[in-house]
Amino acid sequence: MISAENNIFHLRNDFFSYVFEISKGKHLLHRYWGRPIKEFHDSAPLQGIDRGFSGQLNDFENERTYSLDVLPQEYPVRGHTDFRIPAYTVELENGTNITELNYSAHKIFDGKPTLKGLPASFGGGQTLEIELKDACANFTVYLYYTIFEDLPILTRSVKFVNTGSKKFKIQNAASAAVDFSDNDFEIISLYGGHAAERTIQRQKISRGIFEVSSTRGASSHQQSPFIALARPDATEFSGEVYAASLIYSGSFAAKVEAEQFGTTRLVIGLNPEVFSWTLAQGEEFQTPEVVLNFSATGLNGMSQAYHKFYREHLIRGKFKDQVRPILVNNWEATYFDFNEEKIIALADCAKDLGLELVVLDDGWFGKRNDDNSSLGDWFVNTAKLPRGLKGLADEIHSRGLKFGVWVEPEMVNVDSELYRAHPDWILHVPDYKPSFSRHQLILDLSRADVREYVLDAMRKVFSSAPIDYVKWDMNRHMTESFSAKLPPERQLETQHRYMLGLYEIMEALVTEFPDILFESCSGGGGRFDAGILYYMPQTWTSDDTDAVCRLSIQAGTGLAFPIISQGAHVSVTPNHQVGRVTPLQMRTFVAMAGTFGYELDITKMSDAEKAEVKDYVALYKEIRPTIQLGKFTRLLTGGNEYAWQFEDDSKVIAMYFKILSKPAEPIRILKLAGLDANKSYKLTKYLPPKKLSVDGGPQKISFDAKTFNGDELMYCGIAVPKIETDFAAYMWIFEK
Ligand code: GLA
């Protein structure tokens, strides 16, 4: 529900209230965000205090106690009396970047408008549109707020419109700013690197500005477009958390400023370091959308809300609510060294093991036998696949399996027919040599002619054979973000125009090929963000397939993104990234906590391993709906132990992982969460680490009772049988 009375806007549902007011007929002052309140009667009015130098910065000549430097705001402006991080900056033709945005009107309506050219959530309950105007420079800014009745979610975005006759340049346009009246927070963010994405970092807020950002032209492995402010006492299960997740896949910035009077400002949106946008008369600029999330039930509450929201209000298409096929991908099995025979052998084995989809990764096109050449040349290498993709796909289909293929459409190698024909199609600055990464260059998708080529090339590939799945990769970051087609004053638009171009291509392809399941990828999880999920419902989480590393990568990814969106595969030991040897059960259970698959040469497995895999695949088919479409809870995170719980209407599945075995440790009691205290749960499967069943030993527990009430499982918990082995993985399956 959204109300607007006596200059107060109150956005409210069963989970939160968000309140701001129009002050002095023009300023939007933020008043409250947190647990829901029925009515707002200003029990804690803003106090006008003459705050020395800040208090002397008066917005009204005779009022020493009214200064924007100390007032909480909704969309703060720079250049006047507020010296904190601004939400936007606009440079006018006269050279100034000092403007003034004042409230002029508002509208409340049902539903949620779409965002032109950008991915965005859909299906909201009500939207509030606030119109702000700069009367001198003649531009209008619209702030959009949408609430969703059944979730603690508030989405925000901003639109700039040039209503005057002179053009101006937007130098900075955040999607949202939020002011908090105190700074009693810890900041949670997700950092990483290639093959080490989304590690959870939690740190005390400190005075000054903290930033997570990317200038890489991708949301990146290094930082994720997500940030949370948690109360210091917030745990996985309790306490208040305020989070922001941006629906965007390019360069972004999220900043937190803890300022002089002990308040906190959060600003999130496009990264002004690599952005500007010139707006001519009548033109509009729309920012990406940010998803604000308030949890009064700790970090699990926050994650569960994001998972539900992204599954129900962001991910689209026929696979939205469908469990995903179990795949085998040939990348770590063969790398570039494959031919039709090898892939068919994989398919035969996949069929035998019960897998459902065979994915042909990099190396099937041009003359690509390593990563030096052929990106851009999207025609089949007939030396490897004499009967083309069609011949191979038909073979795979004839075995009752689905067929998928890898592409990397945004890139080009110098050694390619495409580059030889169009050397100017890449992002580069004239006169300077472009930088390389993995021998490749980036096609300038801000250009319509380049987009047309890419779209056409992909259309041809996708319709050249019966293709059920596409892995869309993007294996380098943007450098020399300069477009040969843009005039000098628009060069800083290149990165954002590229993203808009990419979204345009993806929109066209997912619309034209609704039966293809798309998985995005960027050197693993370098573009794992809510923007891409709008087009492609799953993402390859990381190029690191080691089960131990994956525990923290998947736990971090799950902070903001649903389980069903996380590609997770069983790979070979010793692991190709870290050389670790882990038991098949550990590798399997970790991969089962995502969209499951295999990424190793399954034909080389021993008969005993194959038999084990068959059982696991059959098991996964049984538990897949609960894992992929159910509710996910982190029971233990980090250190030596992780534990995860999945629940739907029929089942509760608990997984427990212990990385290293240690003596003199307490027996771990695993307490399940969120069950119904009065319902009973029947233990139908208990899978301890294999070693336990071989050795037996004093710790063998039989769980004789088999049926437990929810209260016992939550409060007494289940004892994890101790076992002297590293990399131990356990699973319990309860039927409701
Ligand atoms: C990236 C992907 C891998 C694989 C290779 C192929 O690194 O993340 O999974 O597809 O490219 O070159």
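Residues numbered from 1 in each chain as written. Predicted model: local features only at pLDDT ≥ 70, side-chain atom pairs only at ≥ 80, totals over all residues. Heavy atoms only, no water.

### Concerning the packing of aromatic side chains
Under the counting rule described, the total for this entry stands at 48 aromatic pairs. On the numbers, 5.8 Å between centres and 55 degrees between planes, the contact of F309 with Y310 is tilted. Pair check on accessibility: F309 and Y310 agree, each one buried. Centre to centre, the rings of F632 and F646 are 5.3 Å apart; their planes meet at 45 degrees, and the pair counts as tilted. In this pair, F632 is assigned in strand β31 (residues 631–636) and F646 in strand β32 (residues 641–647), connecting sequence segments 14 residues apart. A single burial state applies to F632 and to F646, both of which are buried. Put simply, the rings of F9, Y18, F20, W33, Y103, Y145, F180, F185, Y242 and F294 touch in pairs and so form one group of aromatic residues. One cation-aromatic arrangement involves R550 over W540; the distance from NZ or CZ to the ring centre is 4.7 Å. (Phe/Tyr/Trp six-rings, centres within 6.5 Å; stacked < 30°, edge-to-face > 60°. Buried < 20%, exposed > 50% of the residue type's maximum accessible area, 1.4 Å probe, protein only. Helix = DSSP H or I, 4+ residues; strand = E, 2+ residues; numbered from the N terminus. Lys NZ or Arg CZ within 6 Å of the ring centre and 35° of its normal.)

### Some remarks on the confidence of the model for the protein
Confidence in the prediction of the protein, expressed as mean pLDDT, is 96, and 98% of residues score 70 or more. Below pLDDT 50 for its whole length, residues 693–698 participates in 1 contact with residues either more than four positions away or in separate chains. (pLDDT = per-residue confidence, 0-100. Contact = heavy atoms within 4.5 Å.)

### Observations regarding unusual backbone geometry
Across residues other than glycine, the phi torsion is negative in most instances, and most of the peptide bonds are trans. In this chain, T573 is followed by P574 through a cis amide linkage whose omega measures -10 degrees. Here P574 lies in the loop between β29 (566–570) and α11 (584–592). We note that N138 has phi near 65 degrees; this positive angle belongs to a residue other than glycine. Relative accessible area serves as the criterion here: at 38%, N138 is assigned to the partly exposed category.

### So, the packing of α11 against helix α12 (residues 607–629)
The interhelical angle for the contact between α11 and α12, taken along N-to-C directions, is 25 degrees, at an axis separation of 11 Å. Viewed along their axes, α11 and α12 adopt a mutual orientation that is roughly parallel. Relative to α12, α11 is oriented so that their crossing is right-handed. Contacts between α11 and α12 pair L584, Q585, T588, F589 and M592 from the former with E609, E612, V613, Y616, L619, Y620, I623 and I627 from the latter. (Axes fitted to C-alpha atoms, helices over the stretch in contact; angles between N-to-C directions. Parallel < 35°, antiparallel > 145°, perpendicular 65-115°, else oblique. Left-handed = near helix turned anticlockwise from the far one by under 90°.)

### Considerations on the sheet that holds strand β1 (residues 2–5)
Pairing is antiparallel across the open sheet formed by 4 strands, whose spatial order is β1-β2-β3-β4. Each having just a single partner strand, β1 and β4 (27–34) make up the two edges of the open sheet. Each neighbouring strand pair of the sheet contributes to a mean axis angle of 15 degrees, computed without reference to strand direction. (Pairing = 2+ DSSP bridges.)

### Some words on the site of the ligand
The local shell around the ligand holds 13 residues, among which D361, D362, K471, G524 and D543 are the closest. The separation between an oxygen atom of the ligand and a polar side-chain atom of W406 is 3.0 Å. Separating an oxygen atom of the ligand from a side-chain N or O atom of R438 is a distance of 2.9 Å. In isolation the ligand has 310 Å² of accessible area, and contact with the protein removes 96% of it. Tallied by class, residues from the shell around the ligand come to 4 nonpolar, 3 polar and 6 charged. (Near = heavy atom within 4 Å. Polar contact = N/O pair within 3.5 Å; in protein donor to acceptor, adjacent residues only side chain to side chain. Areas by Shrake-Rupley, 256 points an atom, 1.4 Å probe, with all protein chains shown as cover. Nonpolar A, V, L, I, M, F, W, Y, C, P; charged D, E, K, R; others polar.)

### As for the domain arrangement of the protein
Accessible area lost upon the coming together of the parts serves often as the stated size of an interface. Assigned domains of the protein: these are domain 1 (2–313) and domain 2 (641–735). Look at where the C-alpha atoms of domain 1 and domain 2 centre, and you get two points 43 Å apart. (Domains from an automatic or database assignment.)

### Points about helix α5 (residues 388–398)
Within α5, burial applies to G388, L389, G391, L392, A393 and I396. Close packing links the buried residues of α5 with α4 (340–353), β22 (357–360), β23 (402–407) and α7 (448–463).

### Points about the packing of helix α2 (residues 298–313) against helix α10 (residues 547–560)
Close contact between α2 and α10 brings their axes to 6 Å; oriented N to C, the two are set at 70 degrees. Taken as axis vectors, α2 and α10 run roughly perpendicular relative to one another. Seen from α2, the contacting residues are M302, S303, Y306, H307 and Y310; seen from α10, they are G558, L559 and A560. Across the contact of α2 with α10, the residue classes break down as 5 nonpolar, 3 polar and no charged.

### Focus: the nonpolar core
Ranked by internal contacts, the top residues of the largest apolar core, which has 199 residues, are F160, W364, Y598 and I602. Examining the composition of this core, we find that 9 residues originate from one element, helix α8 (residues 494–512), more than from any other. Leaving out residues up to four positions away in the same chain, I602 has contacts with V328, L346, C349, A350, L353, L355 and K610. One finds L672, L683, M714 and I723 within the second-largest nonpolar core, a separate group that totals 24 residues. (Core = buried A, V, L, I, M, F, W, Y, C linked by side-chain atoms within 4.5 Å.)

### Description of the pattern of salt bridges
A side chain with one charge can pair with a side chain of the opposite charge if their charged atoms come near. Inspection of the entire model under this criterion finds 55 salt bridges. For D179, the salt bridge identified is with R265, shortest N-O distance 2.7 Å. A residue pair is termed long-range when its members are at least 10 positions apart, and D179 in strand β10 (residues 168–180) and R265 in strand β17 (residues 264–270) qualify at 86 residues. Accessibility expressed as a relative area gives 1% for R265, which makes it buried. D449 is paired through a salt bridge with R447; the nearest N and O atoms lie 2.8 Å apart. By relative accessible area, which is 28% here, D449 ends up partly exposed. With a relative accessible area of 4%, R447 lands in the buried category. Here the salt bridges do not stand alone but share partners, grouping E340, D348, R387, E395 and R399 into one network. (Salt bridge = Lys/Arg side-chain N within 4 Å of Asp/Glu carboxyl O.)

### With respect to the environment of A258
Here A258 lies in strand β16 (residues 252–258). Measuring from C-alpha to C-alpha, the distance between A258 and F180 comes to 9.6 Å, with 78 residues separating the pair along the chain. Discounting residues that sit within four places of it in the chain, A258 has contacts with I205, S206, R207, G208 and T263.

### Observations concerning the sheet that holds β32
Spatial ordering of the open sheet is given by β31-β32-β33-β38-β35-β36, a layout of 6 strands whose pairing is antiparallel. In this open sheet, the two edge strands, each paired with only one partner strand, are β31 and β36 (707–709). Here the strands of the sheet are splayed against their neighbours by 25 degrees on average, with no regard to which way each runs. Across 3 bridges, the pairing between strand β35 (residues 680–687) and β36 is antiparallel. The partner of Y681 across the bridge, within β36, is F708. Contacts between α10 and the sheet are confined to β31, β32 and β33 (651–658), with β32 contributing the most and set at about 45 degrees to the helix. Lying over the sheet, α11 contacts β33, β35 and β38 (728–735), oriented at roughly 50 degrees with respect to β38.

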